[in-house]
Amino acid sequence: EEKKLTQLYVASVVGVTTDTISRWENNRYPTIKRENAEKLAAALDVALADIERREEPPVAEEEPPPLAPKTGRRFLLAFLAIAVVVVAGIIVARLSPPPLAAVRWLPRFTPPGEAVPVQIKVNRRGSGQEGFIIRERLPSGWRFVNASPPVAPGETRGGELKWLIAGGSGQVVVSYTALPPPASPLNSTASFSGNIVVHTGGMSHAEETGGSRSITIAPFHWADTNGDGRIDDNEIMPAYYLTEEMRGLGLDWKGIETIWSARGYRWDPDTRRFELHN
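Residues numbered from 1 in each chain as written. Predicted model: local features only at pLDDT ≥ 70, side-chain atom pairs only at ≥ 80, totals over all residues. Heavy atoms only, no water.

When helices and strands are tallied, the chain shows six helices and 14 strands. Burial analysis of the chain (278 residues in total) assigns 37% to the buried set. By sequence separation, contacts in the chain at least 24 residues apart represent 66% of the contacts at least 6 residues apart. Taken as a whole, the chain presents about 17,300 Å² of accessible surface, with 54% of it coming from carbon and sulfur. (Helix = DSSP H or I, 4+ residues; strand = E, 2+ residues; numbered from the N terminus. Buried < 20%, exposed > 50% of the residue type's maximum accessible area, 1.4 Å probe, protein only. Contact = heavy atoms within 4.5 Å. Areas by Shrake-Rupley, 256 points an atom, 1.4 Å probe, with all protein chains shown as cover.)

Take the layout of surface pockets next. Unoccupied space between atoms shows up once a probe the size of one water molecule is rolled over them. By volume, the largest pocket amounts to about 900 Å³. Along the wall of the largest pocket there are 27 residues; nearest its centre are W24, I32, L40, L44 and I51. At the level of elements, α1 (7-14), α2 (18-25) and α3 (34-44) are the ones that each hand at least two residues to the lining of the largest pocket. The class makeup of the residues in the lining of the largest pocket is 13 nonpolar, four polar and ten charged. (1 Å grid on protein atoms, 1.4 Å probe; cavity = no way out; pocket = protein on both sides within 12 Å on 5 of 7 lines; lining within 4 Å. Points joined across faces, edges and corners; volume = space filled by probe spheres on them. Nonpolar A, V, L, I, M, F, W, Y, C, P; charged D, E, K, R; others polar.)

With that settled, consider the sheet that holds strand β4 (residues 132-137). Picture the strands of a sheet paired through backbone hydrogen bonds; they go either parallel or antiparallel. Spatially, the four strands line up as an open sheet ordered β6-β4-β9-β10, and their pairing is antiparallel. Across the chains shown, the open sheet's two edge strands, defined by having one partner strand only, are β6 (160-165) and β10 (203-208). Between one strand axis and the next, the sheet turns by 20° as a mean value, whatever way the strands run. (Pairing = 2+ DSSP bridges. Axes fitted to C-alpha atoms, helices over the stretch in contact; angles between N-to-C directions.)

This brings us to α2. Within α2 the residues assigned to the buried category are T20, I21, S22 and W24. Of the residues flanking the end of α2, it is N27, one or two places downstream, whose phi is positive at about 60°.

According to the stated counting rule, one finds seven aromatic pairs in the structure shown. On the numbers, 5.7 Å between centres and 35° between planes, the contact of W163 with Y176 is tilted. In this pair, W163 is assigned in strand β6 and Y176 in strand β7 (residues 172-179), connecting sequence segments 13 residues apart. Each residue in the set Y240, Y241 and W253 is aromatic and connected to the rest through ring pairs, giving one cluster. (Phe/Tyr/Trp six-rings, centres within 6.5 Å; stacked < 30°, edge-to-face > 60°.)

Attention shifts here to the environment of E25. Residue placement: E25 occurs in helix α2. With a relative accessible area of 57%, E25 lands in the exposed category. When the C-alpha positions of E25 and Q7 are compared, they lie 9.8 Å apart, and in sequence the two are 18 residues distant.

This part is about the nonpolar core. By size, the foremost hydrophobic cluster in this structure holds 27 residues, and its most contacted members are V122, F132, L138, W142, W163, Y176 and F192. With residues up to four places along the chain from it excluded, the contact list for W142 reads T110, V116, A178, L179, P180, P181, A190, F192, I215 and I217. The next biggest cluster of nonpolar side chains, apart from the first, holds 23 residues, and it includes A11, V13, L242 and M246. (Core = buried A, V, L, I, M, F, W, Y, C linked by side-chain atoms within 4.5 Å.)

Here it is, written out as structure tokens:
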């Protein structure tokens with residue numbers, strides 16, 4: 001509600017139904033898959049920890065019976081030793097900032113030869129955090145088009161992309177576009193992979209990028225999030241915001257607006273173009 005997002009938009013980004021979003025809102029599901037939680041956090045533009053709720057275990061009401069003197073002293077010493085270790089671990093964990101997490105967003109569909117938008121978001125807490133590296137590998141045969149910020153020089157060959165992000169604070173958004181091969185078979189799946197590399201305490205830590213990992217090659221435009229052969233009013237605004245944010249990266253906004261204005265569309269496999277239903 002605060003970000004003025006519809007259930008349909010959030011459901012399309014996460015890749016679930018609007019009924020599932022409604023159940024999450026009303027706390028009718030006790031748990032959520034981590035992959036879906038990462039996608040939900042990305043859709044809401046918040047850190048994963050902000051939407052997590054951890055239940056505290058119930059406290060025992062009855063006290064255990066008193067122990068014999070020697071057994072009690074041994075138990076007390078063992079308990080104190082364990083407590084020291086636990087407290088030390090907590091202090092170290094709080095003093096050491098957690099590794100950053102990267103979350104990828106992909107549309108559900110794309111036809112062969114159509115530029116696809118991809119975004120990777122990293123939420124940095126506090127200020128003055130160190131820089132990091134984002135690595136991304138495109139599916140086999142896919143071609144890189146453009147990116148913001150630009151990829152590292154010479155890092156677009158072989159489907160491997162890299163970004164070196166300087167230290168600072170606030171959210172980092174890496175946006176890029178890529179083209180699937182024109183001969184990609186319909187109903188096939190293309191898989192993306194990558195990680196974020198953080199250098200802290202003299203050591204490098206690599207964490208796999210979460211969020212979306214695959215896209216389906218289908219006769220639907222990427223802005224048609226539910227794949228019903230039309231871009232409706234609920235889908236046009238998210239597509240507009242995304243194309244504005246990724247201006248200059250090869251997305252065809254005029255084509256999206258034209259499909260939205262029509263009654264529907266179909267993918268012509270012979271011409272490799274969208275035909276409109278007026």
